[in-house]
Amino acid sequence: MANYKPIAKTITLASADSGIVLPVKLSTTSWGLLLTRGTAVFSNTILRSGAVAVWESTNPTTATPNGLTFTDANAVYGITTRAGVQLRLIFYAQ
């Protein structure tokens, strides 16, 4: 792993119900995976113990997500996806 170097990139804020695609150019060095870490917030309320579903496509779909994780008590989540693909993240909370 001597040639592995994390590259941090911030994705701009979007309304939870906007449906807007946020294009961000991300890259990795010799690794085909990307760790996406964020905080799930809606209307200034953190979405604790919520579900995070990730599709490796921005097209609307009813297919099973490619990745699924949950937020912690502070609404922080992290999930690994393939690099070089567009992502659609959807958050679910109680």
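What you see as residue numbers is a count from 1 along each chain, following the sequence as written. Since the coordinates come from a predicted model, pLDDT governs what is reported: local features require at least 70, and pairs of side-chain atoms require 80 or more to be given and counted, while whole-chain, interface and lining totals use all residues. For side-chain calculations, the full set of non-hydrogen atoms in the structure is used, while hydrogens and water are omitted.

A. Region of interest: the pattern of salt bridges. Salt bridges are counted wherever a side-chain nitrogen of Lys or Arg sits within 4 Å of a carboxyl oxygen of Asp or Glu. Scanning all chains against the criterion turns up one salt bridge. For Glu 56, the salt bridge identified is with Arg 82, shortest N-O distance 2.7 Å. Placement of the pair is Glu 56 in the loop between β4 (51-55) and β5 (67-70) and Arg 82 in strand β6 (residues 76-82), with a sequence separation of 26 residues. Owing to a relative accessible area of 45%, Arg 82 belongs among the partly exposed residues under this scheme. Secondary structure follows DSSP: runs of H or I at least 4 residues long count as helices, runs of E at least 2 residues long count as strands, and numbering of each begins at the N terminus. A 1.4 Å probe rolled over the protein chains alone gives each residue an accessible area, and that area as a share of the maximum for its type sets the label: buried under 20%, exposed over 50%, partly exposed in between.

B. Main features of the environment of Ile 46. With respect to the secondary-structure elements, Ile 46 resides in strand β3 (residues 45-46). Contacts are assigned to residue pairs with any non-hydrogen atoms lying within 4.5 Å of each other. In this view, Ile 46 contacts Ala 40, Val 41, Ala 73, Asn 74 and Ala 75; residues no more than four positions away in its chain are not counted.

C. Inspection of the sheet that holds β4 at higher detail. A pair of strands counts as paired when DSSP detects no fewer than two bridges linking them. Read across the sheet, three strands follow the order β5-β4-β7 without closing on themselves; strand pairing throughout is antiparallel. Taken across any chain shown, the strands that pair with only one partner, and hence form the sheet edges, are β5 and β7 (88-92). For this sheet, the mean angle separating the axes of adjacent strands, direction not counted, is 20°. Axes, fitted as lines to C-alpha atoms, cover a helix only where it is in contact. Angles between the N-to-C directions of the axes lie from 0 to 180 degrees.

Keep in mind these numbers describe shape, not what the thing actually does.
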